[in-house]
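# Descriptive analysis of the structure
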Amino acid sequence: REKMKKILLKDFLNNYMDNITKEKKSSYFSSDECLRIIAKSLNKDKNYIYLHLNDIYLNDSDIKNISSMLKKRYIENIPLQYILGKQNFFKEEYMVNENVLIPRQDTEILVETAIYYINKNKYVSLLDLCTGSGCVGISIANNSNISKVDLVDISENALKVASKNICLNDVKKDIKVILSDLFTKLNTNNKYDIIVSNPPYIKEKDLVKLSKEVKNEPILALAGGKSGTIFYKKILENAYGYLNKNGMIIFEIGYDELEDIKKIIAEYEHYTYINCIKDLGGNDRVVVISFIG
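What you see is a predicted model, and the numbers here were worked out from it, not measured in a lab. (Residues numbered from 1 in each chain as written. Predicted model: local features only at pLDDT ≥ 70, side-chain atom pairs only at ≥ 80, totals over all residues. Heavy atoms only, no water.)

### Examining the overall build of the chain
Helices and strands together make up the secondary structure of the chain, namely 11 helices and 11 strands. Buried positions account for 49% of the 293 residues belonging to the chain. For the chain, the share of sequence-separated contacts (at least 6 apart) that also reach a separation of at least 24 residues comes to 67%. As displayed, the chain has an accessible area near 15,100 Å², and 49% of this comes from carbon and sulfur atoms. Taking the 42 positively charged and 39 negatively charged side chains of the chain as two groups, their mean positions are separated by 3 Å. (Helix = DSSP H or I, 4+ residues; strand = E, 2+ residues; numbered from the N terminus. Buried < 20%, exposed > 50% of the residue type's maximum accessible area, 1.4 Å probe, protein only. Contact = heavy atoms within 4.5 Å. Areas by Shrake-Rupley, 256 points an atom, 1.4 Å probe, with all protein chains shown as cover. Lys, Arg positive; Asp, Glu negative; His and termini not counted. Charge placed at Lys NZ, Arg CZ, Asp CG, Glu CD.)

Structural data, given as structure tokens:
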């Protein structure tokens, strides 16, 4: 019987890099990403793969698996994090898939701000609306004095990911997931000291302008209606019924939405705008609101 043909990993990688350049000019193509994808496929460490490019031989099955994963990344524009199944965020690592938005560095500002006020005001209970992967609520739980956290999302598949991330990060707090369209399934007898949310906030007209890569993330977690502020309005309309006295709301916002959100806050006597924190790019990113109960 003919022996199975094997290809040296370095030769495979060089051939692929040559072909992908001809096949598709890609602004995000990198050899580092290729190594991470190959490492995932072969269940090895990326550094091990790099150091053994000249010793590892790939069989037909290896080539098929690696080629399939590379095709997802560079032909189908699937985000690298979905292919690898994980993303680092704040001080934790999170499982991610196509059912949840990929945690981003800008959102760490939301987490840092919430932690500051939780510890300063000795808050004990937190509600994370539009939780997705659970990264905001879980990182806050793991790095603050908060003792009770509820993670809420309208997507059952997103909450399955959040539940896995609770276990993955060994959260030792009273934390649970709740399937609900914002407040609809929550009990007004159950109040919170602080509500945090990174809701969908991309304007309808801007959705078509998103990169092909971002378009592979769940539209449910991105679309903020015509103005981009629909979820802020919905949350502020109801949040006061779920907040303890001297409570707080903290939002992540779009870079150009601060003035619109200030106007929405001003419509309610229950709230006072405190401040806005900018991201590393100098854009408005996190809004802090005080509840007058």
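Picking up where we left off.
### Here we look at the side chain of Asp 279
Tracing the backbone through its elements, the reader meets Asp 279 in the loop between strand S10 (271-278) and strand S11 (284-291). According to the relative accessible area criterion, Asp 279 is buried, its value standing at 8%. Side-chain polar atoms of Asp 279 contact the side chain of Arg 285, separated by 2.9 Å. Ignoring any residue separated from it by four or fewer positions in sequence, one finds Asp 279 in contact with Asp 106, Ile 109 and Arg 285. (Polar contact = N/O pair within 3.5 Å; in protein donor to acceptor, adjacent residues only side chain to side chain.)

### What about the pattern of salt bridges?
Counted by the stated rule, this structure contains 15 salt bridges. Its salt-bridge partner being Glu 213, residue Arg 73 comes within 3.3 Å of it at the nearest N-O pair. Highlighted residues: Arg 73 in helix H4 (residues 60-74) and Glu 213 in the loop between helix H9 (204-207) and helix H10 (230-238), separated in sequence by 140 residues. A salt bridge links Asp 150 to Lys 148, with the shortest nitrogen-to-oxygen separation between them at 3.1 Å. (Salt bridge = Lys/Arg side-chain N within 4 Å of Asp/Glu carboxyl O.)

### Quick word on the sheet that holds strand S5 (residues 125-129)
Pairing is mixed across the open sheet formed by 7 strands, whose spatial order is S7-S6-S5-S8-S9-S11-S10. Because the sheet does not close on itself, it has two edges, and the strands there are strand S7 (174-179) and S10. Within this sheet the neighbouring strands show an average axis-to-axis angle of 15°, counted without direction. Judged from the 4 bridges that link them, S5 and strand S8 (residues 192-197) form a sheet pairing that is parallel. (Pairing = 2+ DSSP bridges. Axes fitted to C-alpha atoms, helices over the stretch in contact; angles between N-to-C directions.)

### Remarks on H4
The terminal C-alpha atoms of H4, which comprises 15 residues, lie 21 Å apart, in line with the 21 Å expected from a rise of 1.5 Å per residue. Every buried residue of H4 is accounted for by Asp 62, Ile 63, Ile 66, Met 69, Leu 70, Arg 73 and Tyr 74. Taken end-on, H4 shows its buried residues confined to a sector of 140°, consistent with a single buried face. (Expected span 1.5 Å × (residues − 1). Arc of directions from axis to C-beta.)

### Describing the packing of helix H6 (residues 108-121) against helix H7 (residues 135-142)
The packing of two helices is summarised by the inter-axis angle and the distance between the axes. It is the contact of H6 with H7, at a shortest axis distance of 9 Å, that shows an interaxial angle of 40°. For the element pair H6 / H7, the angle class is oblique. Classified by chirality, the crossing of H7 by H6 is right-handed. Counted together, Leu 110, Val 111, Ala 114, Ile 115 and Ile 118 of H6 and Val 136, Ser 139 and Ile 140 of H7 form the full contact between these two elements. Of the residues in the contact of H6 with H7, the class split is 7 nonpolar, 1 polar and no charged. (Parallel < 35°, antiparallel > 145°, perpendicular 65-115°, else oblique. Left-handed = near helix turned anticlockwise from the far one by under 90°. Nonpolar A, V, L, I, M, F, W, Y, C, P; charged D, E, K, R; others polar.)

### Focus on the state of the cysteines
A full pass over the atoms with the stated rule returns 0 disulfides. Among the cysteines around Cys 135, which has no disulfide bond, Cys 130 carries the closest sulfur, lying 12 Å off. Judged by relative accessible area, Cys 135 falls into the buried class, the value being 7%. (Disulfide = S-S within 2.5 Å.)

### Concerning unusual backbone geometry
Here Asn 43, not a glycine, exhibits a phi torsion of approximately 60°, which is positive. Turning to its location among the elements, Asn 43 is positioned in the loop between helix H2 (31-42) and helix H3 (46-51). The residue Asn 246 is not glycine, and still its phi comes out positive at about 65°. With respect to the secondary-structure elements, Asn 246 resides in strand S9 (residues 243-252).

### Some details on helix H11 (residues 258-266)
Buried within H11 are the following residues: Leu 258, Ile 261, Ile 264 and Ile 265. Seen from one end, H11 has its buried residues packed into an arc of 120°, which puts them on one side. Residues of H11 that are exposed and point more than 90 degrees away from the buried face comprise Lys 263 and Ala 266. Buried-residue contacts for H11 involve H10, S10 and S11.

### Quick look at the nonpolar core
By size, the foremost hydrophobic cluster in this structure holds 33 residues, and its most contacted members are Phe 183, Leu 236, Ile 249 and Tyr 271. Those elements giving two or more residues to this core turn out to be S5, S8, H10, S9, H11 and S11. Apart from the residues within four sequence positions on either side, Tyr 271 is in contact with Ile 235, Leu 236, Ala 239, Tyr 240, Ile 249, Ile 265, Ile 289, Ser 290, Phe 291 and Ile 292. (Core = buried A, V, L, I, M, F, W, Y, C linked by side-chain atoms within 4.5 Å.)

### Some points on the layout of surface pockets
Put simply, the largest pocket is a space of about 990 Å³. In terms of lining, the largest pocket is formed by 45 residues, of which the most central are Leu 101, Pro 199, Pro 200, Ala 221 and Leu 222. Counting only elements with at least two residues in the lining of the largest pocket, the list comes to H7, strand S6 (148-153) and H10. For the lining of the largest pocket, the per-class residue count stands at 23 nonpolar, 9 polar and 13 charged. (1 Å grid on protein atoms, 1.4 Å probe; cavity = no way out; pocket = protein on both sides within 12 Å on 5 of 7 lines; lining within 4 Å. Points joined across faces, edges and corners; volume = space filled by probe spheres on them.)

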